[in-house]
Amino acid sequence: MMAAGPGAPRGGGPVSVVLWLGILGAVLGTAQAAVYFREQFLDGGGWRKRWVSSESRPDLGTFQLSAGKFYGDPVRDRGLQTSENSKFYAISSRFKPFSNKGKTLVIQYTVKHEQKIDCGGGYVKIFSSDLDQKNLSGASPYYIMFGPDICGSETKKVHVILNYKNKLHPIKKPIRCKVDGYTHLYTLIIRPDQTYEVKIDNEVAALGNLEDDLDFLPPRKINDPAVKKPSDWDDRAHIDDPNDIKPEDWDEPEYIMDTSDEKPEDWDHAVHGEWSYPMVKNPLYKGVWKPRQIDNPNYRGVWPHPQIDNPHYSPDYNIYSYENIGAIGLDIWQVRAGTIFDNFLITDDEDYAEDFGDETWGETKDPEKEMNIRQAEEEQQRERVAEEEYFEQWLKKKQGGKRESQKDRTKKSPIGKEEL
Ligand SMILES: *[C@@H]1O[C@H](CO)[C@@H](O)[C@H](O)[C@H]1NC(C)=O
């Protein structure tokens, strides 16, 4: 949209006007957006006043402010980074409590697993303002959990878990998260019409209806318990072939006496009892005879059980809505630490969130990638140089042994000294 300003093609007068109106509209829309929470960590240590570390256990990991090993911008890309391996982390921040009733709710943030994470959470939790921040732990009740979770090769998913009447309901649809080491933008949108959308990097990753995709309510329809399957309804797809007759030579015992055996000479009747031939598996034994299966000519298919309205179902048009939303937190476990969380946003405006994502993550993602690639190349270069230097030293030493005097060599070569 912005690119269409001065760079618009010549002669595109009317088009430009429409575009400018569009921008104006977007600006007005932005002015109306309610921003409940926004955190970009742009003021150095200021975040320490806004975020409260949990003291629920003495060994929680500590967060530090960092843009990481590579970044698009050293200041704008600073966020909360997990700094110790194999630790639980728990930290949260408050905002003015609000209700999302009748409004869209957007939860958005960026997460970067630059450490090539093996196992660890990258999700956020949204709490009621009742949250005891100092006691935040996995046991703290929450409204919404959202974001990526990675563990081994099995778990690489985006959680969407909503609290409904004090029960947690995970989404049934699998949503795959990003697994590379770059910063990614995660957005959850919940609308008053009970639809939801999950976006990753401002692209739709999943969408649907809350009632369909999370098990909040009992099913709308159930089988009518008053109707029984008619007794003459044949739902056997296959039956025994009546023409298949058991062969006469089929019946053979499974075990037979081994008459080749002989009674041992020292067999003591008093001790071992009467001697008899041992039993062995009968090679002629064919098992239990079963007639061949054929298609049932009277098969009528699966009986369609008539459905009725479920008396236990009653619609709830307020599944999506929460009162007193008042805190956001990170409550996670990480094996290999180094994840950076940044650009938190909670708003009622999808377009505002999209623009905010484009202006934060969208502007630093490419330079971040470039720095990472550059660092990898520099690292390779350093390794190459080190290898060459080592080879040259080794070569010099070898040749030097022939050419130079013993005295010169000890003076010149530090490697020779070390080896002495
Ligand atoms: C901390 O939270 C846990 C779990 O929610 C709770 O059982 C415990 O009573 C809380 N402790 C304090 C001191 O509030």
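Residues numbered from 1 in each chain as written. Predicted model: local features only at pLDDT ≥ 70, side-chain atom pairs only at ≥ 80, totals over all residues.

### Regarding the site of the ligand
So the rule is basically this: Only the C-beta atom, placed from the backbone, is used; a residue is near a molecule or strand if that atom lies within 6 Å of it. In this classification, Asp, Glu, Lys and Arg are treated as charged, Ala, Val, Leu, Ile, Met, Phe, Trp, Tyr, Cys and Pro as nonpolar, and every other residue, Gly included, as polar.
Surrounding the ligand, one finds D132, N135, A139 and S140. A breakdown of the residues in the shell around the ligand according to their chemical character gives 1 nonpolar, 2 polar and 1 charged.

### Section: the environment of V280
Worth spelling out the cut-off: Numbered from the N terminus, helices here are DSSP runs of H or I no shorter than four residues, and strands are runs of E no shorter than two. Using C-beta atoms placed from the backbone, we call a residue buried if 20 or more other C-beta atoms fall within 10 Å of its own, exposed if 12 or fewer do, and partly exposed for counts in between. Each residue gets a C-beta atom placed from its backbone, and two residues are in contact if those atoms lie within 7 Å.
Summarising the element assignment, V280 is placed in strand β18 (residues 279-281). Since 13 C-beta atoms lie within 10 Å of it, V280 is described here as partly exposed. Sequence separation between V280 and Y255 is 25 residues; the distance between their C-alpha atoms is 5.3 Å. Discounting chain neighbours no more than four positions away, the residues touching V280 are Y255, I256 and D258.

### Digging into the UniProt feature "binding site: an alpha-D-glucoside" (unreviewed entry) in the protein chain
Cut-off, in case you're wondering: UniProt positions are given in the numbering used here, feature names are shortened, and annotations may be inferred rather than shown by experiment.
The sites that UniProt annotates as "binding site: an alpha-D-glucoside" (unreviewed entry) are Y123, K125, Y142, D149 and D331. Classification of K125 as buried rests on a count of 27 C-beta atoms within 10 Å. When sequence neighbours within four positions are dropped, the list of residues in contact with K125 reads Y142, I144, M145, G329 and D331. One can find D149 in strand β9 (residues 144-151). On the neighbour-count criterion, D149 (18 C-beta atoms within 10 Å) is partly exposed. Those residues in contact with D149 that sit more than four places away from it in its chain are G121, G122, Y123, T155, K157 and H159.

### Some details on the nonpolar core
Where we set the bar: A set of buried Ala, Val, Leu, Ile, Met, Phe, Trp, Tyr and Cys residues, joined to one another through C-beta atoms within 7 Å, is what we call a nonpolar core.
Ranked by size, the top nonpolar core spans 54 residues in total, and within it I107, V124, I126, I144 and F146 carry the most contacts. For F146, the residues in contact, after removing those within four places along its chain, are I107, Y123, V124, H159, V160 and L188.

### Description of the pairing of strand β8 (residues 124-128)
Filter applied, for reference: When DSSP finds at least two bridges between two strands, those strands are taken to pair.
The element β8 is largely enclosed, with a buried count of 4 among its 5 residues. Relative to β9, β8 is paired through 3 bridges, and the arrangement is antiparallel. Looking across to β9, one finds that V124 is bridged to F146. Note that β8 and strand β21 (residues 325-334) share 4 bridges and pair antiparallel. Within β21, the position partnered with S128 by the bridge is I325.

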